[in-house]
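Remarks on the overall topology
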Amino acid sequence: MVTNPVDIMPRLFAEVSGCNRVRNIGPSTDTARCRLILARMAGVPTHAVEGHVIGEHGDRAVICASSPTIHGRPARIHVQRVREELVARPGRIAAGIGRVRSGPAGATVAALARVLGRTDGVIELSAPHEGGYLGMPLRFTAGRPTVCLPPLDSTESRDLAAAQTKPATAYTHLRITLEERS
């Protein structure tokens, strides 16, 4: 599913349709952008960087700064600098820089390849998590997903819990509005 808001609409669609396989690209665009930023900062190719952005897409995104690797080795990152670049990146993408690789089109193709079992691997998608939908790294094997959260430090755990609040509140308001109009 490709829609905005990325964490609310898949939950609504899943509940209304009864389908338990609803996923959305969620933070996969943020993760792709984060990896590009880290690769540029370290002067390495993008494929050498592993890392995750989870939780809510956008302002409440959780940059997992305690677990990125470059060439398989732990890498330290400056979270504020990465966050500033993540915030600025959509404007550059809209101008045509990196649209296919890091925008919704690239995220959709990458998600479909995994969901359809064409490619195994990890991708961050908005998926069921603790009663709502949040961006989670999902490891796909033959099209079957398994949540594979990286180890989170205490700040990342707190940020992930806080990231649940905004979409949960918005979802509650959306359901109330829909019920009033029905």
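Residues numbered from 1 in each chain as written. Predicted model: local features only at pLDDT ≥ 70, side-chain atom pairs only at ≥ 80, totals over all residues. Heavy atoms only, no water.

Focus on the overall build of the protein chain
If you tally the helices and strands in the protein chain, you get 6 helices and 8 strands. With 182 residues in all, the protein chain has 42% of them scored as buried. In the protein chain, the share of contacts with a sequence separation of at least 24, taken over all contacts with a separation of at least 6, comes to 56%. (Helix = DSSP H or I, 4+ residues; strand = E, 2+ residues; numbered from the N terminus. Buried < 20%, exposed > 50% of the residue type's maximum accessible area, 1.4 Å probe, protein only. Contact = heavy atoms within 4.5 Å.)

Focus: the side chain of Glu124
Along the polypeptide, Glu124 turns up in strand S6 (residues 121–129). Engagement of the side chain of Glu124 in a polar contact is seen with the side chain of His52, the distance being 2.4 Å. Not counting chain neighbours up to four residues away, the residues in contact with Glu124 comprise Ile25, Pro27, Ser28, Thr31, Arg35, Gly51, His52, Val53, Met136 and Pro137. (Polar contact = N/O pair within 3.5 Å; in protein donor to acceptor, adjacent residues only side chain to side chain.)

A short note on the pairing of S6
It is a general feature of regular strands that their side chains alternate between the two faces of the sheet. Of all 9 residues that make up S6, 7 are buried, and the element is covered over most of its length. Linking S6 to strand S7 (residues 132–141), which pair antiparallel, is a turn of 2 residues; within it Glu130 sits at a positive phi near 50°. (Pairing = 2+ DSSP bridges.)

Considering the sheet that holds strand S5 (residues 73–74)
Taken in spatial order, the 3 strands of this open sheet run S1-S4-S5, and their pairing is antiparallel. The open sheet terminates on both sides in strands that have one partner only, identified here as strand S1 (49–50) and S5. The pairing of strand S4 (residues 69–70) with S5 spans 2 bridges and is antiparallel. Counterpart to Thr69 in the pairing with S5 is Pro74.

Some thoughts on helix H5 (residues 104–115)
Across its 12 residues, H5 extends 16 Å between first and last C-alpha, which sits within 8% of the 16 Å expected from 1.5 Å per residue. One or two positions beyond H5, positive phi appears at Gly117, with a value near 80°. (Expected span 1.5 Å × (residues − 1).)

Section: the pairing of strand S8 (residues 144–147)
One ladder, built from 4 bridges, connects S7 with S8; its direction is antiparallel. Among the inter-strand pairings, Thr141 is bridged to a residue of S8, identified as Arg144. Turn length for the S7-S8 hairpin, with the two strands adjacent in sequence and antiparallel, is 2 residues, and the turn residue Ala142 shows positive phi of about 55°.

Regarding helix H1 (residues 9–17)
Regarding H1, the residues found buried are Pro10, Arg11, Leu12 and Ala14. Packed against the buried residues of H1 are S6, S7 and helix H6 (154–181).

Description of the side chain of His129
The topology assignment puts His129 in strand S6. The contacts of His129, once residues within four sequence positions are left out, are Leu134, Met136, Leu160 and Gln164.

Details of the pattern of salt bridges
According to the stated counting rule, one finds 5 salt bridges in the structure shown. With a shortest N-O distance of 3.2 Å, Arg11 and Glu15 are connected by a salt bridge. Taken together, the residues span about one helical turn, with Arg11 and Glu15 both in helix H1 at a distance of 4 residues. Using a relative accessible area of 16% as the deciding quantity, one classes Arg11 as buried. Among the ionic pairs, Glu85 bridges to Arg40, the shortest N-O distance being 2.2 Å. On the criterion of sequence distance, the pair formed by Glu85 in helix H3 (residues 79–94) and Arg40 in helix H2 (residues 28–42) is long-range, its members being 45 residues apart. Since its relative accessible area comes to 16%, Glu85 is described here as buried. By relative accessible area, Arg40 is classed as partly exposed at 46%. One connected set of salt bridges, linked through shared partners, spans Arg35, Glu50 and Glu124. (Salt bridge = Lys/Arg side-chain N within 4 Å of Asp/Glu carboxyl O.)

Observations regarding the nonpolar core
Of all hydrophobic cores here, the largest spans 15 residues; its most connected members are Cys34, Leu38, Val44, Val49, Ile63, Val82 and Leu86. Looking at this core, the elements that each hand over two or more residues are H2, strand S3 (61–63) and H3. The element contributing the most residues to this core is H2, with 4 residues. Among residues more than four places away in sequence, those in contact with Leu38 are Val49, Pro68, Ile77 and Val82. Listed in part, the 13 residues of the second largest apolar core include Ala111, Phe140, Leu160 and Ala163. (Core = buried A, V, L, I, M, F, W, Y, C linked by side-chain atoms within 4.5 Å.)

Keep in mind these values describe shape, not function.
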